[in-house]
Amino acid sequence: PTGRDTGMVAVVTVTEDAATGGQIWTRLFGRANGFHQIIQSSKRFSGPTGLEEHIGYRLGMALSVHVEGHALAFRCQGYFLQIAGRRIAVPGWLTLGRLCVRHEDIGGGQFVFSLEIEHPRFGLLLRQKVLFRDAV
């Protein structure tokens with residue numbers, strides 16, 4: 001989510017993407033002062049790393065998966081555009097930089113989601129950390 005609200009509801013739904021054999025991830029984040037924020041992406045089991053995330057506007061990224069302690073880390077291995085059935089690599093200098101998403105199990109039905117984007121020239125552009133727990 002792009003806001004700083006705390007204690008808000010979040011719902012994540014994963015459904016089949018029948019067209020690609022992947023999954024559609026829909027994330028709904030509550031906000032204290034307005035409409036919920038909705039973020040969607042499609043994860044597909046394809047490409048050079050075996051896992052891709054498509055984030056819209058024909059833009060996608062190849063992801064590698066790593067185990068780091070009690071966390072799964074997803075690291076971007078390159079961005080691409082999917083145009084007319086062709087995959088076109090986006091040069092590194094045109095991207096936001098290195099992206100890493102981590103899902104860390106902290107026990108008790110809770111996990112920490114973190115996302116960082118670091119640009120090689122401008123440094124850290126975005127750091128997001130969200131605590132998720134099962135509804136009581």
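What counts as what
- Residues numbered from 1 in each chain as written.
- Predicted model: local features only at pLDDT ≥ 70, side-chain atom pairs only at ≥ 80, totals over all residues.
- Heavy atoms only, no water.
- Helix = DSSP H or I, 4+ residues; strand = E, 2+ residues; numbered from the N terminus.
- Rg over C-alpha atoms; globule rule 2.2 N^0.38 Å.
- Buried < 20%, exposed > 50% of the residue type's maximum accessible area, 1.4 Å probe, protein only.
- Contact = heavy atoms within 4.5 Å.
- Areas by Shrake-Rupley, 256 points an atom, 1.4 Å probe, with all protein chains shown as cover.
- Phe/Tyr/Trp six-rings, centres within 6.5 Å; stacked < 30°, edge-to-face > 60°.
- Salt bridge = Lys/Arg side-chain N within 4 Å of Asp/Glu carboxyl O.
- Pairing = 2+ DSSP bridges.

**Student:** Sorry, what's going on with the overall build of the protein chain here?
**Tutor:** Tallying secondary structure elements over the protein chain gives zero helices and 10 strands in all. The secondary structure elements of the protein chain, listed N-terminal to C-terminal, are β-β-β-β-β-β-β-β-β-β. A compact globule built from 136 residues would reach a C-alpha radius of gyration of about 14 Å, and the protein chain, at 16 Å, matches this within 12%. Taking all 136 residues of the protein chain together, 29% fall into the buried category. Of all intrachain contacts in the protein chain linking residues separated by at least 6 positions in sequence, the fraction that spans at least 24 positions is 22%. Surface exposure of the protein chain reaches about 9,400 Å², of which carbon and sulfur atoms provide 56%.

**Student:** Looking at this structure, how should I read unusual backbone geometry?
**Tutor:** Trans peptide bonds make up the majority, and among non-glycine residues the majority have a negative phi. At tyrosine 57, a position not held by glycine, the phi torsion is positive, near 55°. By secondary structure assignment, the location of tyrosine 57 is in the loop between β4 (52-56) and β5 (59-68). With relative accessibility at 83%, the residue tyrosine 57 sits in the exposed group. Phi at alanine 84 takes a positive value of approximately 50°, unusual for a residue other than glycine.

**Student:** Got a minute to help me understand the packing of aromatic side chains in this structure?
**Tutor:** Aromatic ring pairs are defined here through the distance separating the ring centres and the angle between the ring planes. One pass over the structure, following the stated rule, counts one aromatic pair. Here the aromatic rings of phenylalanine 111 and phenylalanine 132 are separated by 5.2 Å at their centres, their planes lie at 10°, and the arrangement is stacked. Within this pair, whereas phenylalanine 111 is found in strand β9 (residues 110-119), its partner phenylalanine 132 is found in strand β10 (residues 123-133), the two being separated by 21 residues in sequence. The class for phenylalanine 111 is partly exposed, based on a relative accessible area of 31%. Looking at phenylalanine 132, the relative accessible area reads 16%, which means it is buried.

**Student:** Is there a simple way to think about the pattern of salt bridges in this case?
**Tutor:** When their charged atoms lie close together, side chains carrying opposite charge are able to pair. Evaluation of the coordinates by the stated rule reveals eight salt bridges. Through salt bridges that share partners, Glu68, Arg75, Arg102 and Glu104 make up one connected network.

**Student:** What is the right way to read the environment of alanine 32 from this model?
**Tutor:** Locating alanine 32 in the fold gives a position in the loop between β2 (22-29) and β3 (37-44). Overall, alanine 32 belongs to the exposed group, its relative accessible area being 60%. On a C-alpha basis, the gap between alanine 32 and valine 9 in space is 9.9 Å, while along the polypeptide they are 23 residues apart. Residues within four places of alanine 32 in sequence aside, it is in contact with Asp5 and Met8.

**Student:** Sorry if this is basic, but what is going on with the pairing of strand β6 (residues 71-83) here?
**Tutor:** The side chains of a regular strand alternate, first on one face of the sheet and then on the other. Taken together, the nine bridges between β5 and β6 define a ladder with antiparallel strand orientation. Across the sheet, glutamate 68 pairs through a bridge with alanine 71, a residue of β6. In this structure, the hairpin formed by β5 and β6 is closed by a connection of two residues, where glycine 69 is found at a positive phi of approximately 65°. In the sheet, β6 pairs with strand β8 (residues 98-107) via five bridges, with the strands oriented antiparallel. In the strand pairing of β8, arginine 75 is matched with cysteine 100.

Fair warning: the whole summary comes from geometry, so function is off the table for now.
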